[in-house]
Amino acid sequence: MGDSVSFIDAYRRIATEEAFAPPEMLRMYRELLASGRNDDPGFMSMWGFYSGSRSERATFIIERLQDLDAHRIADMDATGISMQVVSLTSPGVQVFDAETAKSLSVLANDQLADAVRRHPQRFVGLAACAPQDPAHAAQEIERCVRTLGFRGVIINSHTRHEYLNDAKFWEICEAAEALDVPIYLHPNTPSRGMIQPLLERGLDGAIYGFAVETGMHALSMITAGVFDRFPKLKLVLGHLGEALPFWLYRLDYMHQASIRANRYPFLKPLRQPVSAYLRENVYVTTSGMPWAPAIRFCQEVLGDTHVLYAMDYPYQYVAAEVAASDEVPMDAECRRRFFQTNAEALFGLEAH
Ligand code: 1DF
Ligand code: MN
């Protein structure tokens, strides 16, 4: 008793998709936007907004992204969040050239490690990396896990319009599997080849474009055979799986139909149906989807050990949503899994 979260006794709430940004990175975002050298229309749309807008939303988010101390912890206390799994906000370093991305990933990880050291009961870190240089990324992931105590990897979807289905990135998957930490495949705005109709309609961001981009990314990793190559690799998806759980049946049917008909010579048969990887290798978090029918559906089709709570702080900091999440019908044991023990198991927090 006596600490700030002692009012929770049935379960601790661990929020698993919570973002931060080093001030240096936000400055470099502004420089990149101003330079005219950026070739990513999604980056321009999202960070043009957040770094240029004086709206209440943008102001709050920019301020809170940079805080890993009093304000963030006060916000957690006010909403009953015991612990945040903190990751570098999207697109992190993945928008930059390789050299910039590498040094900035190290800087971001060191800043996050300092915060975890200051608040070990409240924060656990995910490792940022620069997929632009897969060998460096693998090495940085290893440093973060072995030396800094981080418990997973954050990949903010495409890296300069390329995806992890491409074998050139598989060193990253190999490192995560070997270190027994999950990869959190967080959204980015859709890549250059995908974004245009979404952008024209104002749908490129978190409203929908994020899910199109990130669901496609995860699915393409499965169909490329990433999980046959790395069977113990765990992938975390926010937003209740970026719509993929709803597609389980049809993904199996159509994937098998394409394979049997040899429609795409580059698509190779998989050891298991697509749905098996989504059930076994993939974990989903709610991040801004505090909606009972969708949560219960995911628990039913993926299993209740694979569905975890996330807030998506500071992008969706809404106290009533925590209360709504508490109210989703499930038994007491299942609720403890949802808020606490699934996250402890997935991110290996027992030792922390
Ligand atoms: C937004 C949403 C931005 C999420 C994010 O990172 C983000 C947004 C830049 O609303 O613009 O992580 N989200 O996960 O929903
Ligand atoms: Mn997010």
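Residues numbered from 1 in each chain as written. Chains lettered and ligands numbered in written order. Predicted model: local features only at pLDDT ≥ 70, side-chain atom pairs only at ≥ 80, totals over all residues. Heavy atoms only, no water.

For the rest of this paragraph, the subject is the packing of aromatic side chains. Under the defined criterion, the tally for this structure stands at 16 aromatic pairs. Seen from their ring centres, tyrosine 29 and phenylalanine 43 are 4.9 Å apart, and the 85 degrees between their planes marks the pair as edge-to-face. Here tyrosine 29 is found in helix 1 (residues 23–35), whereas its partner phenylalanine 43 is found in helix 2 (residues 41–52), with 14 residues between them in sequence. The residues tyrosine 29 and phenylalanine 43 share a single accessibility class, namely buried. On the numbers, 5.2 Å between centres and 45 degrees between planes, the contact of tyrosine 309 with phenylalanine 339 is tilted. Highlighted residues: tyrosine 309 in the loop between strand 8 (307–308) and helix 15 (319–327) and phenylalanine 339 in helix 16 (residues 332–346), separated in sequence by 30 residues. Just as tyrosine 309 is buried, phenylalanine 339 falls in that class too. The ring of phenylalanine 339 is capped by arginine 13, whose NZ or CZ atom sits 5.7 Å from the centre of that ring. (Phe/Tyr/Trp six-rings, centres within 6.5 Å; stacked < 30°, edge-to-face > 60°. Helix = DSSP H or I, 4+ residues; strand = E, 2+ residues; numbered from the N terminus. Buried < 20%, exposed > 50% of the residue type's maximum accessible area, 1.4 Å probe, protein only. Lys NZ or Arg CZ within 6 Å of the ring centre and 35° of its normal.)

Moving on, we come to the sheet that holds strand 2 (residues 83–88). Across the sheet, three strands lie side by side as 1-2-3; this open sheet has parallel pairing. Strands at the two margins of the open sheet, each flanked by one partner only, are strand 1 (14–20) and strand 3 (123–125). For this sheet, the mean inter-axis angle between neighbouring strands, taken without regard to orientation, is 35 degrees. The sheet contact formed by strand 1 and strand 2 spans five bridges and is parallel. In the strand pairing of strand 2, phenylalanine 20 is matched with leucine 88. Packed on one face of the sheet, helix 4 (residues 70–78) meets strand 1, strand 2 and strand 3 and runs near 135 degrees to strand 2. Helix-sheet contacts for helix 5 (residues 98–118) involve strand 1, strand 2 and strand 3, and the interaxial angle to strand 3 is about 155 degrees. (Pairing = 2+ DSSP bridges. Axes fitted to C-alpha atoms, helices over the stretch in contact; angles between N-to-C directions. Contact = heavy atoms within 4.5 Å.)

Looking at the manganese ion (ligand 2), one finds its protein donor set to be Glu17 (OE), His186 (NE2) and Asp312 (OD), positioned 1.9 to 2.3 Å from the metal centre. Going along the chain, you hit the donors of the manganese ion (ligand 2) in the pattern E-x168-H-x125-D. Of this pair, glutamate 17 sits in strand 1 while histidine 186 sits in the loop between strand 5 (183–185) and helix 8 (196–200), placing them 169 residues apart in sequence. Comparing glutamate 17 with histidine 186, the two get one shared label, buried. (Donors = N, O, S within 2.8 Å, 3.2 Å for Na, K, Ca; no water.)

Looking now at the site of ligand 1. Around ligand 1, the structure places Glu17, Met46, Tyr50, Arg57, Thr89, Ser90, His186, Ala206, Phe210, His239, Asp312 and Tyr315. Within the side chain of arginine 57, one N or O atom sits 2.8 Å away from an oxygen atom of ligand 1. Contacts to ligand 1 include histidine 239, whose side-chain N or O atom sits 3.0 Å from an oxygen atom. Coverage of ligand 1 by the protein amounts to 91% of the 360 Å² it exposes when considered alone. Of the residues contributing to the shell around ligand 1, the split by class is five nonpolar, four polar and three charged. (Near = heavy atom within 4 Å. Polar contact = N/O pair within 3.5 Å; in protein donor to acceptor, adjacent residues only side chain to side chain. Areas by Shrake-Rupley, 256 points an atom, 1.4 Å probe, with all protein chains shown as cover. Nonpolar A, V, L, I, M, F, W, Y, C, P; charged D, E, K, R; others polar.)

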